[in-house]
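Inside the fold
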Amino acid sequence: MKEFYLDYAATTPIDERVLKYVEPYLTTHFHNPSSLHTHAIENKKAINDSRKKIADAIGAHPEEIFFTSGGTESINFAIKGYADKHPELKEIITSKIEHKATLNTLHFLEKKGYVVHYLDVDAFGLVDLKQLNSLINEQTLMVSIIYANNEIGTIQDVKSISKICRKHKTKLHLDAVQAFGQIDFDVQDLDVDFLTLSSHKFYGPKGAGALYVKKGLDIEPLIHGGSHESGHRAGTENLYGIIGMGEAARIAKLELEQNREHYHKLQIDFHQRITKVFKDIKLNGTPCGSNRSYNHLSYAFKDILGYQLHFQLSKRGIYVATGSACSSGSITPSHVIEAIKLEDEYQPCVIRITFGKYSKIEDHDEIINRFIESCHELKGE
Ligand SMILES: Cc1ncc(COP(=O)(O)O)c(C=O)c1O
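Residues numbered from 1 in each chain as written. Predicted model: local features only at pLDDT ≥ 70, side-chain atom pairs only at ≥ 80, totals over all residues. Heavy atoms only, no water.

**Considerations on the layout of surface pockets**
One simple way to see leftover space: roll a probe sized like a water molecule over the atoms. Computed from the structure, the second largest pocket encloses a volume of approximately 180 Å³. Around the second largest pocket, the lining residues are Glu3, Phe4, Tyr5, Leu6, Tyr8, Phe355, Tyr358, Ser359, Lys360, Asp363, His364 and Ile367. Elements represented by at least two residues in the lining of the second largest pocket include exactly strand E1 (4-5) and helix H13 (364-379). Tallied by class, the residues present in the lining of the second largest pocket amount to 7 nonpolar, 2 polar and 3 charged. (1 Å grid on protein atoms, 1.4 Å probe; cavity = no way out; pocket = protein on both sides within 12 Å on 5 of 7 lines; lining within 4 Å. Points joined across faces, edges and corners; volume = space filled by probe spheres on them. Helix = DSSP H or I, 4+ residues; strand = E, 2+ residues; numbered from the N terminus. Nonpolar A, V, L, I, M, F, W, Y, C, P; charged D, E, K, R; others polar.)

Given below as structure tokens:
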């Protein structure tokens, strides 16, 4: 049976070119970058080259990039690290549709006495800017917002958000884990203070991430120890992860336009076909072509349970997600679906389809057929 992977928002396979590029760092170039002998110094240089590639890809300076173990760690680092340096500021603003990495970091801080405000979103998942304007005050430590939503694909109006933050001299952290490789952004232009990236979402190795910290901002390390990452993140570096991430970022930036075109064709074609067959399904998030990730479709079906459809599709070699990959298998609607106030009858069945650079438009017929078969079996038809 031919298998179809349609869960690129959960993770991507490593790009063959990246794999080839990092292979020596798993074998011959194994030396500890903190050692002082020749090959170790070469490895240190390779890490800094990777830092530069990431900085170049987002319009930052290399000194503003710190490597971490992934998106979750970067988010923890940005929020807790900045909070630790500014104990006098006890309010944080975020949205109701953040990734669990942000929400649970903030729940942790709530237990420590912080007041967290969760912004409402509209039916498309766009944050309420008026509410942000009214909540932000001199006690606000930071605003933390997800750029492209992992569950519903909505892309936020970051420039409007950053303008409000600037007006109030409040720092802005952007979770750009799903945005990088989809949106051609620049940290100076967006005017953000912290920005999170995760390598495995753009064809780099797993276990590597980065946090952009605007020059001049003070942030406490999350992990204390040696002087790695100029004292910002201790521990012997994940050499091949970091080097692979830089190369993956370089390729993602270089090929962004062509990938985006490819994703958009897939998105439009799939959407047209599936809505022809399933007349009463709803697209969650923003419409295709306007503030929506190009590789992303999220549908709500009626009279079917999401986890059951997910299972039927999986049995047929179609790999998608129900809502969010992290909450797969759960029948209760995700916090994102609740926040967009999807009608009750649609809430139990949300299926997320995310394309990648290896997805093919000619597979759509077969994929849709397997959707039809799965739904027939579930309805006993
Ligand atoms: C929007 C978003 N933020 C953060 C994360 C966490 O990233 P990581 O898996 O690298 O820890 C994810 C992962 O799914 C995500 O989609």
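**Thoughts on the nonpolar core**
By size, the foremost hydrophobic cluster in this structure holds 62 residues, and its most contacted members are Ile58, Tyr147, Phe185 and Leu195. Residue-level mapping places this core at the junction of two domains, with at least three residues from each of domain 1 (4-12 + 256-379) and domain 2 (16-254). What tyrosine 147 contacts, discounting residues up to four positions off in sequence, is Thr154, Ile155, Gln156, Val158, Leu174, Asp175, Ala176, Ala179, Ile183, Phe185 and Leu190. Listed in part, the 23 residues of the second largest apolar core include Phe4, Phe301, Leu313 and Phe355. (Core = buried A, V, L, I, M, F, W, Y, C linked by side-chain atoms within 4.5 Å. Buried < 20%, exposed > 50% of the residue type's maximum accessible area, 1.4 Å probe, protein only. Domains from an automatic or database assignment. Contact = heavy atoms within 4.5 Å.)

**Thoughts on empty space enclosed by the protein**
Here the structure, examined in full by the defined rule, presents 3 cavities of 30 Å³ or more. Size it by volume and the largest cavity reaches roughly 190 Å³. What lines the largest cavity is a set of 23 residues, among which Phe180, Lys201, Phe202, Tyr203 and Tyr263 lie closest to the centre. Going through the elements one at a time, helix H9 (239-254) and helix H10 (256-277) are the ones with two or more residues in the lining of the largest cavity.

**Some points on the pairing of strand E7 (residues 194-198)**
Of all 5 residues in E7, 5 are buried; the element is thus mostly enclosed. The two faces of E7 match: Phe194, Thr196 and Ser198 on one face and Leu195 and Leu197 on the other face are all buried. Judged from the 3 bridges that link them, strand E6 (residues 171-175) and E7 form a sheet pairing that is parallel. Along E7, the bridge assignment pairs histidine 173 with phenylalanine 194. The pairing of E7 with strand E8 (residues 209-213) spans 5 bridges and is antiparallel. Residue pairing across strands places threonine 196 opposite leucine 211, the latter belonging to E8. (Pairing = 2+ DSSP bridges.)

**Regarding the pairing of strand E4 (residues 115-119)**
Along any regular strand the residues' side chains alternate between the sheet's two faces. Alignment of strand E3 (residues 91-95) against E4, held across 5 bridges, turns out to be parallel. If you follow isoleucine 92 over to E4, its bridge partner there is valine 116.

**Here we look at the packing of H10 against H13**
What describes two packed helices is the angle between their axes and the distance between those same axes. Where H10 contacts H13, the axes come no closer than 11 Å and their chain directions differ by 35 degrees. Between H10 and H13 the crossing geometry is right-handed. Every residue of H13 that contacts H10 at Leu266, Asp269, Phe270, Arg273, Ile274 and Val277 is listed here: His364, Asp365, Ile367, Ile368, Phe371 and Ile372. Of the residues belonging to the contact of H10 with H13, the class tally is 8 nonpolar, 1 polar and 3 charged. (Axes fitted to C-alpha atoms, helices over the stretch in contact; angles between N-to-C directions. Left-handed = near helix turned anticlockwise from the far one by under 90°.)

**Some points on the site of the ligand**
Contacts to the ligand come from 13 residues, most closely from Thr72, Asp175, Gln178, Ser198 and Lys201. Between an oxygen atom of the ligand and a side-chain N or O atom of glutamine 178, the distance comes to 2.7 Å. Starting from 390 Å² of accessible surface for the ligand in isolation, the protein chains cover 88%. Residue contributions to the shell around the ligand peak at 3 residues, all from helix H3 (residues 71-85). Class assignment of the residues belonging to the shell around the ligand gives a composition of 3 nonpolar, 8 polar and 2 charged. (Near = heavy atom within 4 Å. Polar contact = N/O pair within 3.5 Å; in protein donor to acceptor, adjacent residues only side chain to side chain. Areas by Shrake-Rupley, 256 points an atom, 1.4 Å probe, with all protein chains shown as cover.)

**Some words on the sheet that holds strand E9 (residues 282-283)**
The sheet built from 3 strands is open, its strands ordered E9-E10-E12 with antiparallel pairing. The sheet is open, and its two edges are formed by E9 and strand E12 (350-354), each paired on a single side. Note: strand E10 (residues 296-300) against E12, 5 bridges, orientation antiparallel. The partner of serine 298 across the bridge, within E12, is arginine 352.

**Describing the pattern of salt bridges**
All told, the structure shown has 28 salt bridges when counted by the stated rule. The partner of lysine 44 in a salt bridge is glutamate 237, and the shortest N-O contact between them spans 3.9 Å. Taken together, the positions of lysine 44 in helix H2 (residues 38-58) and glutamate 237 in the loop between helix H8 (228-231) and H9 put the pair 193 residues apart, joining distant regions of the chain. For lysine 44, a relative accessible area of 33% gives the class partly exposed. Under the relative-accessibility criterion, glutamate 237 is labelled buried at 11%. When the shortest N-O distance is used, the salt bridge between aspartate 193 and arginine 166 registers 3.1 Å. On the criterion of sequence distance, the pair formed by aspartate 193 in the loop between helix H7 (187-190) and E7 and arginine 166 in helix H6 (residues 158-167) is long-range, its members being 27 residues apart. For aspartate 193, a relative accessible area of 2% corresponds to the buried category. (Salt bridge = Lys/Arg side-chain N within 4 Å of Asp/Glu carboxyl O.)

Nothing here speaks to function; it is geometry throughout.
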